[in-house]
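Next come the chains, spelled out residue by residue.
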Amino acid sequence: NAGVTQTPKFQVLKTGQSMTLQCAQDMNHEYMSWYRQDPGMGLRLIHYSVGAGITDQGEVPNGYNVSRSTTEDFPLRLLSAAPSQTSVYFCASSEVASGLYSSYNSPLHFGNGTRLTVT
Amino acid sequence: AQTVTQSQPEMSVQEAETVTLSCTYDTSENNYYLFWYKQPPSRQMILVIRQEAYKQQNATENRFSVNFQKAAKSFSLKISDSQLGDTAMYFCAFMNLANSGYALNFGKGTSLLVTP
């Protein structure tokens, strides 16, 4: 079982270039999300999705776009890369609880991250 | 908004000793989840332990246990019999399903070094 797969593992971009970070999960999880990790900042939520066709913004969405056409895939797009987007990016997925608390038994499963450098 | 504070940027412990990592959080909610994640140099995010706020009993997972003080909004992680493989960044995280769904609110992390 592959879990959450992110590609690429490393990427270097020049300012203004565009690219897509790929994320795929094979656990049939409805919830998927993207985080960025910066030194001394912990992880911060960029965008998330609770199912195919549904996306929403997190804490730091500016400069990023997402779409969710299938349950399995949740790509993150940088339309015009900036040095401030140099970071490590994590994709994470989870089941969606049928109730608020009693049936939530699936914590977030993380991918192995993508290290992005924008020069 | 919920905030998560880890007041110890770096800690060190000798192999086989016990260490406690601190975490406090701020919320007005009554029901929520708390987590500790480990991030070794490989960069992988690994769930160490979780605690449901409505459960009074502290969670334990082998050598890892928590001291959950709901009134004090404190959630510390105790690692017993520390091993070299425990060297990693440790993140405390908060989740409130009712208000923010499955979004995790992370602390800034504590870097733990286990020495021989």
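For the structure itself, consult the block above.
Residues numbered from 1 in each chain as written. Chains lettered and ligands numbered in written order. Predicted model: local features only at pLDDT ≥ 70, side-chain atom pairs only at ≥ 80, totals over all residues. Heavy atoms only, no water.

**Student:** Any chance you could explain the overall build of chain A here in plain terms?
**Tutor:** When its secondary structure is counted, chain A shows 0 helices and 11 strands. The linear arrangement of helices and strands in chain A, starting from the amino end, is β-β-β-β-β-β-β-β-β-β-β. For 119 residues, the compact-globule formula gives about 14 Å, and the C-alpha radius of gyration of chain A, at 14 Å, lands near that figure. Along the first, second and third principal axes, the C-alpha atoms of chain A reach 45 × 30 × 25 Å. (Helix = DSSP H or I, 4+ residues; strand = E, 2+ residues; numbered from the N terminus. Rg over C-alpha atoms; globule rule 2.2 N^0.38 Å.)

**Student:** For this particular structure, what's the right way to read the overall build of chain B?
**Tutor:** Secondary structure assignment for chain B yields 1 helix and 12 strands. Its helices and strands taken in sequence order, chain B reads β-β-β-β-β-β-β-β-β-β-α-β-β from the N to the C terminus. In terms of overall size, chain B behaves like a compact globule, its C-alpha atoms giving a radius of gyration of 14 Å where 116 residues would be expected to give roughly 13 Å. By principal-axis analysis of the C-alpha atoms, chain B measures approximately 45 × 25 × 20 Å. The buried share of chain B, reckoned over its 116 residues, is 50%. (Buried < 20%, exposed > 50% of the residue type's maximum accessible area, 1.4 Å probe, protein only.)

**Student:** Help me understand the layout of surface pockets in this model?
**Tutor:** Rolled over the atoms, a probe sized like a water molecule indicates the empty space that remains. Size it by volume and the second largest pocket reaches roughly 180 Å³. For the second largest pocket, the full set of lining residues is Gln37, Val88 and Arg115 of chain A together with Gln39, Pro40, Pro41, Arg43, Ala88 and Met89 of chain B. (1 Å grid on protein atoms, 1.4 Å probe; cavity = no way out; pocket = protein on both sides within 12 Å on 5 of 7 lines; lining within 4 Å. Points joined across faces, edges and corners; volume = space filled by probe spheres on them.)

**Student:** So what exactly am I meant to see when it comes to the sheet that holds strand S7 (residues 64-66) of chain A here?
**Tutor:** Two modes of strand pairing occur in sheets, parallel and antiparallel, and in both the strands are linked by backbone hydrogen bonds. All names here are of chain A. Taken in spatial order, the 4 strands of this open sheet run S1-S3-S8-S7, and their pairing is antiparallel. Looking at which strands have only one partner, the edges of the open sheet turn out to be strand S1 (4-7) and S7. Mean inter-strand twist for the sheet, computed between neighbouring axes without regard to direction, equals 20°. (Pairing = 2+ DSSP bridges. Axes fitted to C-alpha atoms, helices over the stretch in contact; angles between N-to-C directions.)

**Student:** Where do I start with the state of the cysteines in this structure?
**Tutor:** Simply put, the disulfide is a covalent bond whose two ends are the sulfur atoms of two cysteines. Residues and elements named next belong to chain A. Per the counting criterion, the structure on display carries 2 disulfides over all chains. The residue that forms a disulfide with Cys23 is Cys91, at a sulfur-sulfur distance of 1.9 Å. Torsion about the S-S bond of the Cys23 and Cys91 cystine: about -70°, corresponding to left-handed handedness. Remark: Cys91 occurs in strand S9 (residues 87-94) and Cys23 occurs in strand S3 (residues 19-25); sequence separation between them is 68 residues. Look at Cys23 and you get buried, because its relative accessible area is 2%. Assessed through its relative accessible area of 0%, Cys91 is described here as buried. (Disulfide = S-S within 2.5 Å.)

**Student:** I tried to follow unusual backbone geometry on my own but got confused; where do I start?
**Tutor:** When glycine is set aside, most residues are seen to have a negative phi, and most peptide bonds are trans. Cis geometry is found at the peptide bond from Thr7 of chain A to Pro8 of chain A, where omega equals -10°. Position of Pro8 of chain A among the secondary structure elements: in the loop between S1 and strand S2 (10-13). A positive phi is found at Asn62 of chain B, a non-glycine position, where the angle reads about 55°. The residue Asn62 of chain B is located in the loop between strand S7 (60-61) and strand S8 (64-69) in this model. For Asn62 of chain B, a relative accessible area of 81% corresponds to the exposed category. Unlike most non-glycine residues, Lys73 of chain B shows phi in positive territory, near 55°. Positionally, Lys73 of chain B belongs in the loop between S8 and strand S9 (74-79).

**Student:** Could you clarify how one ought to interpret the interface of chain A and chain B in this entry?
**Tutor:** Between chain A and chain B, the residue contacts involve 29 residues of the former and 23 residues of the latter. Between chain A and chain B the total buried area reaches about 2,100 Å² when both faces are included, carbon and sulfur atoms providing 60% of it. Where chain A packs against chain B, one counts 0 salt bridges. On inspection of chain A and its partner chain B, the count reaches 6 residue pairs in polar contact (both at pLDDT 80 or more). Secondary-structure elements contributing two or more residues to the side of chain A that touches chain B are strand S4 (31-38), strand S5 (42-51), S9 and strand S11 (114-118) of chain A. Tallied by class, residues from the side of chain A that touches chain B come to 16 nonpolar, 10 polar and 3 charged. (Contact = heavy atoms within 4.5 Å. Buried area = accessible area lost by both parts, 1.4 Å probe. Salt bridge = Lys/Arg side-chain N within 4 Å of Asp/Glu carboxyl O. Polar contact = N/O pair within 3.5 Å; in protein donor to acceptor, adjacent residues only side chain to side chain. Nonpolar A, V, L, I, M, F, W, Y, C, P; charged D, E, K, R; others polar.)

**Student:** How should the side chain of Thr27 of chain B be read in this particular structure?
**Tutor:** Relative to the helices and strands, Thr27 of chain B resides in the loop between strand S4 (24-26) and strand S5 (33-39). A distance of 3.0 Å separates a polar atom in the side chain of Thr27 of chain B from the backbone nitrogen of Glu29 of chain B.

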